[in-house]
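Listed below are the residues making up each chain.
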Amino acid sequence: MEYKAFKDIKLSRLGMGNMRLPNIEEGNTRSPIDHVKAHAVIEAAYQAGINYFDTAYVYNAGDSEVCVGEWIKKHDRSTFYIATKWHISANPDYKAVFEEQLRRLQTDYIDFYLIHCLTDGTVDKYIESGGIEFFLEMKRQGKIKYLGFSSHAGLAALEKFANHHDWDFAQLQINYYDWNYSETKEEYKILKDRNIPIMVMEPVRGGKLANLTKNAQDILRAAHPDWSDASWAFRFVRSLPEVQVILSGMNTLGQMDDNVGTFGDDYVFTKEDEAILFKAAEVFKKSLSVPCTACRYCTDTCPMGINIPEFFKFYNAYKMDGEWGLDGIDKVDSTSLPSACIQCQTCVPLCPQSIDIPSKLMELATVMKK
C-alpha cells in the first residue's frame, strides 16, 4: 500500500468509502446494511494497509456510522483515521449531530471532520450557521483533529468557501471524465492555489468508469492489458500532485483486491498513458451520449412542439449520472414532453448527426415515467 505524508501523519493513498457497504438485500441500496459482510470488507481494507475510513451522518440514514463504529470498537483506535461529515440540510443542529456521531462511531474524537456537500445553495447557510466556529472549538479541544469540507459547488461558491478559513483539507469529485468534460480542473486549481490538500471522491464516477464500453476498453487494453477500467481511473487521479487520499466505495472483496493491487505497485502514470486514457474517454462519451449540436432543425417541424435539443441535454446527463441527471427536466420550456412523440419520423432526415430522434425520446420518456 502506498502512503503519503499529511502534516505529521501518513495516510494510505487508497481510502475506504463507506457509503456503498453491502446491503441485506443484494442490489437494493435502500435495504439495511449487512453488518457482517460490511465488517468483512472493512477488515480486509484494514489488513491490506488502508488507514483512512470515510463515512457521513446521512449515509444509509445513519447506519453507515453505526456499522463503522461497531468495527472501530474492536480495533486499536490509534492505527487508523476516521472521517465523517455534517450536512446542514439533514439536521442544522450541528452540536446535536456531533454528539450523536461520537456515540454512533463509539469514539471520543474524529480525525477528519467535514462540512458536507457544499453547493451554491448552501455556502452562505454554512457560513452563517455558527457550525464552522463550533467545529473549530471542537478542534481546539482535541475532539476533531483536522477540519475540512466536501464540495459539489460551482467555482465562485467553492472559491468563497475556500477563502473563508485556513482549511486543513477539502474533498472534491475528481475523475478523468469530469476532468475533461466539467469544471473539475478549475476546482482543483482553486484548492491547489491555496495549498489545501485534496481528498478525492467518485474517482470512478459512481462505478461508471469501472465498466466502459467495449470500444473504449479496447483502447486501454492495447496499452496495458492487465489494468482494469477502474485501475486506469485510479492511476490518473493518483498522478495529480495535490491529491492526498482517493476514496473508493468498495463493497466486495473482488473490488478490494483489484484496488489494493493498483495502489500496491510503484508504476508512474505517464503523459502517454494520460493521452490514451483521454482518447478512451472521448470514445466512451460518444458511445453514451446523443451527439446533438442544438441546430434545432428537428424542432422547427415537430408537430408536437417538443424541445428536442433541451431534452437531449438531460438524456446525456442521465446516461452518465443516472436519475440525478434528470434534475430540472421538469423546467424545460417545451409545448410537450418526450412521451408525446408520435413517431412520425419527420425529424429524422433533417438531423445532420443522423440521430434516431424518436427512439431516444421514447427512451427518455421511459425513464421520466411521464
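Before going into details, it helps to say that this report is about the structure given with it. Treat the numbers as computed from the prediction; the structure is a model and nothing was measured. (Residues numbered from 1 in each chain as written. Predicted model: local features only at pLDDT ≥ 70, side-chain atom pairs only at ≥ 80, totals over all residues. Heavy atoms only, no water.)

## Let's talk about the overall build of the protein
The cut-off we apply is this: By the criteria applied, helices consist of DSSP H or I runs no shorter than four residues and strands consist of E runs no shorter than two, each listed in order from the N terminus. The cut-offs for exposure are 20% and 50% of the maximum accessible area for each residue type, with area from a 1.4 Å probe on protein chains only; residues under the lower value are buried, those over the upper are exposed, and the others partly exposed. Should any heavy atoms of two residues lie within 4.5 Å, those residues are counted as being in contact. Only the protein chains shown count as covering a residue, and every accessible area follows the Shrake-Rupley method with a 1.4 Å probe. The sign given to each residue is positive for Lys and Arg and negative for Asp and Glu; His and the chain ends receive no count. Here the site of a charge means atom NZ of a Lys, CZ of an Arg, CG of an Asp or CD of a Glu.
Helix and strand counts for the protein stand at 15 helices and ten strands. If you line up the protein on its principal axes, its C-alpha atoms span 70 × 50 × 45 Å. Per-residue burial over the protein gives 52% buried out of 370 residues. Taking the intrachain contacts of the protein between residues at least 6 apart in sequence as the baseline, contacts between residues at least 24 apart amount to 74%. As displayed, the protein has an accessible area near 16,800 Å², and 50% of this comes from carbon and sulfur atoms. Separation between the mean location of the 41 positive side-chain charges and that of the 51 negative ones in the protein comes to 1 Å.

## Looking at the packing of helix α3 (residues 94–105) against helix α5 (residues 131–140)
Our working rule: Where helices are involved, their axes are fitted lines through C-alpha atoms of the stretch in contact, as for all axes, and angles between N-to-C directions lie from 0 to 180°. To sort the angles, those under 35 degrees are grouped as roughly parallel, those over 145 as roughly antiparallel, those from 65 to 115 as roughly perpendicular, and the leftovers as oblique. Amino acid classes used here: Ala, Val, Leu, Ile, Met, Phe, Trp, Tyr, Cys and Pro are nonpolar; Asp, Glu, Lys and Arg are charged; the rest, including Gly, are polar.
As a packed pair, α3 and α5 sit with axes 10 Å apart at the nearest point and diverge in direction by 40°. As judged from the angle between their axes, α3 and α5 are oblique. Here α3 contributes Y94, K95 and F98 to the contact with α5, which in turn contributes G131, F134, F135 and M138. Its residues placed into classes, the contact of α3 with α5 shows five nonpolar, one polar and one charged.

## Section: the nonpolar core
Quick reminder of the rule: Side-chain atoms within 4.5 Å link the members of a nonpolar core, which is a set of buried Ala, Val, Leu, Ile, Met, Phe, Trp, Tyr and Cys residues.
Core analysis: the largest hydrophobic core is formed by 84 residues, its most contacted members being M16, F53, F135 and F149. Ranked by residues supplied to this core, first place goes to helix α10 (residues 229–238) with six residues. In this view, F53 contacts M16, N18, I42, A45, Y46, W71, F80, Y81, I82 and A83; residues no more than four positions away in its chain are not counted.

## Some thoughts on the sheet that holds strand β5 (residues 81–86)
Stated formally: Two strands pair under a simple rule: DSSP has to find at least two bridges between them.
Reading around the circumference, β3-β4-β5-β6-β7-β8-β9-β10 is the order of the eight strands in this closed barrel, with parallel pairing throughout. Mean inter-strand twist for the sheet, computed between neighbouring axes without regard to direction, equals 30°. Across three bridges, the pairing between strand β4 (residues 52–54) and β5 is parallel. Opposite F53, over in β5, you have I82 as the bridge partner. Lying on the sheet, α10 is in contact with β9 (198–201) and β10 (243–248); it crosses β10 at an angle near 160°.

## A look at the packing of helix α1 (residues 35–47) against helix α2 (residues 63–72)
Definition in use: A crossing counts as left-handed when the near helix is turned anticlockwise from the far one by less than a right angle, and as right-handed when that turn is clockwise.
Relative to each other, α1 and α2 sit at 60°, their axes nearing to 10 Å. By the angle between their axes, α1 is oblique relative to α2. Of the two elements, α1 crosses α2, and the hand of that crossing is right-handed. Only D63, V66, C67, V68, E70 and W71 of α2 make contact with α1, whose side of the interface consists of H35, A38, H39, I42, E43 and Y46. Taken together, the residues of the contact of α1 with α2 break down into seven nonpolar, two polar and three charged.

## Comments concerning the side chain of D63
The cut-off we apply is this: Polar contacts, as counted here, are pairs of nitrogen or oxygen atoms within 3.5 Å of one another; within protein the pair requires one atom able to donate a hydrogen and one able to accept it, and residues that are adjacent in sequence qualify only if both atoms are side-chain atoms.
Assignment of secondary structure puts D63 in helix α2. A polar side-chain atom of D63 sits 3.1 Å from a polar atom in the side chain of H35. Not counting residues up to four positions away in its chain, the partners in contact with D63 are I33 and H35.

## Some points on the packing of aromatic side chains
Defined as follows: Stacked, tilted and edge-to-face are the three classes applied to pairs of Phe, Tyr and Trp rings, where Trp contributes its six-membered ring and a pair requires centres within 6.5 Å; stacked means planes under 30 degrees apart, edge-to-face means over 60, and tilted covers the rest. Geometrically, a charge over a ring is one whose NZ (Lys) or CZ (Arg) sits within 6 Å of the ring centre while staying within 35 degrees of the ring normal.
What the rule picks out here adds up to 36 aromatic pairs. Aromatic pair W227 and F269: ring centres 6.5 Å apart, planes at 20°, arrangement stacked. Highlighted residues: W227 in the loop between α9 (214–223) and α10 and F269 in the loop between α11 (253–262) and α12 (271–288), separated in sequence by 42 residues. Judged by relative accessible area, which is 7%, W227 ranks as buried. Sitting over the ring of W227, R235 keeps its end group 4.0 Å from the ring centre.

## Looking at α12
Which entries qualify depends on this criterion: Any helix carries an expected span of 1.5 Å times its number of residues minus one.
End to end, α12 covers 26 Å across 18 residues, agreeing with the expected 26 Å (1.5 Å per residue, within 8%). Against the buried residues of α12 lie α7 (176–181), α9, α10 and α14 (308–321).

## A look at the pattern of salt bridges
We count it as follows: Here a salt bridge means any side-chain nitrogen of Lys or Arg lying within 4 Å of a carboxyl oxygen belonging to Asp or Glu.
Using the criterion set out here, one finds 20 salt bridges in the structure. Overlapping salt bridges, with partners in common, bring together E2, R13, R235, R238 and D265 in one network.

## A few points about the side chain of R104
Mapped onto the elements of the fold, R104 is located in helix α3. Of the residues examined, R104 reaches a relative accessible area of 15% and is grouped as buried. Here the side chain of R104 touches Y57 through a polar contact of 3.1 Å, landing on its backbone oxygen. In contact with R104, not counting residues within four places along its chain, are Y57, A61, G62, E65, V66 and G69.

## Some words on the environment of D8
Residue placement: D8 occurs in the loop between β1 (3–6) and β2 (9–12). Here D8 falls in the exposed class, since its relative accessible area comes to 68%. Taking the C-alpha atoms as reference, D8 lies 35 Å from K208; in sequence the two are 200 residues apart. Within polar-contact distance, the side chain of D8 engages the side chain of Y146 at 3.2 Å.

## Description of unusual backbone geometry
The residue Q106 is not glycine, and still its phi comes out positive at about 55°. Position of Q106 relative to the elements: it lies in the loop between α3 and β6 (110–118). The class for Q106 is partly exposed, based on a relative accessible area of 35%. Its identity is not glycine, yet N195 carries a phi of approximately 55°, on the positive side. The exposure class assigned to N195 is exposed, which follows from its relative accessible area of 64%.

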